[in-house]
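Descriptive structure summary
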Protein chains: 2
Amino acid sequence: MAIKRQTATVKLLWEQFEESRDALSVVYLVKHLKVAMNKSTVYRILDRMEESGKLHSFIGKNGLKWYAKCQDCSSENHIDIHPHFQCNGCGKVECLTEEIKIPKISKHQIQLAQVLLLGKCETCLN
Amino acid sequence: MAIKRQTATVKLLWEQFEESRDALSVVYLVKHLKVAMNKSTVYRILDRMEESGKLHSFIGKNGLKWYAKCQDCSSENHIDIHPHFQCNGCGKVECLTEEIKIPKISKHQIQLAQVLLLGKCETCLN
DNA sequence: TTTATATTTGCAACTTGGTTGCAATAGTAA
DNA sequence: TTACTATTGCAACCAAGTTGCAAATATAAA
Ligand SMILES: [Mn+2]
Ligand SMILES: [Mn+2]
Ligand SMILES: [Zn+2]
Ligand SMILES: [Zn+2]
């Protein structure tokens, strides 16, 4: 179900995403939120925010679930598909704006491409 | 540690991969092997086969771990990097031979690209 | 402002994928 | 055959994510 009510917890979680283009893992949020919040609540709010077109989610390199802010999505269309970069040093995940050309695969219908680039971020390079 | 001894369990697991270019999830192997095998054993053997350059692993769409046969790898170099396709219908995962061009990202050093294409496989399209 | 209702939350218990320590077993080379 | 080390099974564990339910609360109607 999408977000129906603007609760304190919803606002608090949304603030975490508002500033940056970085993604946040659910595990991180459950552990490090200023105001502690039950983990089911965190999972459920993020889920609803995704359904509402506010956030998108993906799986990081260790199988953890990450969320980040959408740019121009709505409940009806989620168009914010892009590659993600995860730093092997510090673990940080960024949304990228670069387009990646996906080839046609014969006899397959491709509906979605998940691209995760792994490497060193700016901070960890220096 | 890499594979040191050719045990019955190692042989049995290897046979699962030998024929096809399809990947197999650990969960599937633990559940459906003809000769039942302890799950720690399965995890450990797959791990060693990867270290030996016989298999490569990646994370599928639900965060599960998958393995597939390498073509030309060894302990020393794992060069078998390619995109994977997972069917949204039947869940099957295939290794693809197509090359995907990864753009340079400024101020980032990219070490590895994980590409997972999701869609419908040949069987599920018909 | 008060009331009514549906949504949201916390909690505790659960499920599932994956890991670990250790004692028993079994390849392999001598 | 023996000796040595790698491998296995087992049981217990850990961590991420899910679920059912009763209590709390946002919001709209009265
Ligand atoms: Mn993103
Ligand atoms: Mn592959
Ligand atoms: Zn970094
Ligand atoms: Zn299919």
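One can find the structure itself at the top, above this paragraph.
This text gives an overview of the structure that appears in the document. (Residues numbered from 1 in each chain as written. Chains lettered and ligands numbered in written order. Predicted model: local features only at pLDDT ≥ 70, side-chain atom pairs only at ≥ 80, totals over all residues. Heavy atoms only, no water.)

All names here are of chain A. Surrounding the manganese ion (ligand 1) are the protein donor atoms His-56 (NE2), His-82 (NE2), His-84 (NE2) and Cys-95 (SG), at 2.0 to 2.2 Å. Between consecutive donors of the manganese ion (ligand 1), the numbers of intervening residues give the motif H-x25-H-x1-H-x10-C. Taken together, the residues span a long stretch of sequence, with His-56 in strand β2 (residues 55-59) and Cys-95 in strand β5 (residues 93-95) at a distance of 39 residues. Grouping residues by exposure puts His-56 and Cys-95 together as buried. (Donors = N, O, S within 2.8 Å, 3.2 Å for Na, K, Ca; no water. Helix = DSSP H or I, 4+ residues; strand = E, 2+ residues; numbered from the N terminus. Buried < 20%, exposed > 50% of the residue type's maximum accessible area, 1.4 Å probe, protein only.)

A separate point is the relation of the copies chain A and chain B. Once turned by 180° and shifted 0.0 Å along the axis, chain A lies on chain B with an RMSD of 0.0 Å. The transformation relating the two chain copies, once decomposed into turn and shift, fits a two-fold axis. With an isologous cut-off of 70% or more, the 100% of interface residues of chain A that recur at the interface of chain B puts this contact in the isologous class. (Least-squares fit on C-alpha atoms with pLDDT ≥ 70 in both. Contact = heavy atoms within 4.5 Å.)

In this section: helix α3 (residues 39-51) of chain B. Every α-helical turn comprises 3.6 residues, leaving residues that sit three or four positions apart pointing alike. All names here are of chain B. A rise of 1.5 Å per residue sets the reference length of α3, with its 13 residues, at 18 Å; its end C-alpha atoms lie 19 Å apart and thus fit the reference within 8%. Taken as a whole, α3 has its buried residues at Val-42, Ile-45, Leu-46, Met-49 and Glu-50. For α3, the buried positions fall inside an angular range of 140° around the axis, keeping them on one side. Taken together, the buried residues of α3 touch α1 (8-18), α2 (26-32), β2 (55-59) and β3 (65-69). Put simply, Asn-38 is the residue that caps the front of α3, since its side-chain oxygen is 2.9 Å from the backbone nitrogen of Ser-40. Looking one or two residues beyond α3, the residue adopting positive phi is Gly-53, at roughly 80°. (Expected span 1.5 Å × (residues − 1). Arc of directions from axis to C-beta. Polar contact = N/O pair within 3.5 Å; in protein donor to acceptor, adjacent residues only side chain to side chain.)

Let us look at the sheet that holds strand β4 (residues 84-87) of chain A. The strand order across the open sheet built from six strands is β5(A)-β4(A)-β6(A)-β6(B)-β4(B)-β5(B), with neighbouring strands paired in mixed fashion. Each of the sheet's edge strands pairs with one partner strand only, and the pair in question is β5 of chain A together with β5 (93-95) of chain B. With strand direction ignored, the average angle separating the axes of adjacent strands in the sheet is 25°. Pairing geometry for strand β4 (residues 84-87) of chain B and β5 of chain B, over three bridges, is antiparallel. Residue pairing across strands places Gln-86 of chain B opposite Val-93 of chain B, the latter belonging to β5 of chain B. (Pairing = 2+ DSSP bridges. Axes fitted to C-alpha atoms, helices over the stretch in contact; angles between N-to-C directions.)

With that out of the way, let us pick up the nonpolar core. Phe-85 and Leu-117 of chain A together with Phe-85 and Leu-117 of chain B are the most contacted members of the largest nonpolar core, which has 18 residues in total. Counting only elements with at least two residues in this core, the list comes to β4 and β6 (109-120) of chain A together with β4 and β6 (109-120) of chain B. (Core = buried A, V, L, I, M, F, W, Y, C linked by side-chain atoms within 4.5 Å.)

This brings us to the interface of chain A and chain B. In this complex, chain A contributes 32 residues to the contact, which on the side of chain B involves 32 residues. Between chain A and chain B the total buried area reaches about 2,700 Å² when both faces are included, carbon and sulfur atoms providing 60% of it. In this structure, the connection of chain A to chain B is made through one salt bridge. With its nearest N and O atoms 4.0 Å apart, the salt bridge here joins Glu-122 of chain B to Lys-107 of chain A. One can count 14 residue pairs in polar contact (both at pLDDT 80 or more) joining chain A with chain B. (Buried area = accessible area lost by both parts, 1.4 Å probe. Salt bridge = Lys/Arg side-chain N within 4 Å of Asp/Glu carboxyl O.)

Residues and elements named next belong to chain B. Interaxial distance between α1 and α3 falls to 10 Å at its minimum, and their mutual angle equals 70°. Taken together, the axes of α1 and α3 lie roughly perpendicular to each other. Handedness of the α1/α3 crossing: right-handed. From α1, Thr-9, Val-10, Leu-13, Trp-14 and Phe-17 reach across to α3, where they touch Val-42, Ile-45, Leu-46 and Met-49. In the contact of α1 with α3, the residues fall into eight nonpolar, one polar and no charged. (Parallel < 35°, antiparallel > 145°, perpendicular 65-115°, else oblique. Left-handed = near helix turned anticlockwise from the far one by under 90°. Nonpolar A, V, L, I, M, F, W, Y, C, P; charged D, E, K, R; others polar.)

Next up on the list: the protein's contact with DNA strand C. Looking at DNA strand C, there are 22 residues lining it, with Lys-4, Thr-9, Thr-41 and Arg-48 of chain A together with Tyr-43 of chain B nearest. Gln-6 of chain B places a main-chain nitrogen or oxygen 3.1 Å from a phosphate oxygen of DNA strand C. Contact between DNA strand C and Arg-44 of chain B: a base oxygen at 3.4 Å from a side-chain N or O atom of the residue. Only α1 (8-18) and α3 (39-51) of chain A together with α3 of chain B provide two or more residues apiece to the surface near DNA strand C. Looking at the surface near DNA strand C, the element that brings in the most residues is α3 of chain A, giving five residues. Here the residues of the surface near DNA strand C are counted per class, giving seven nonpolar, seven polar and eight charged. (Near = heavy atom within 4 Å.)

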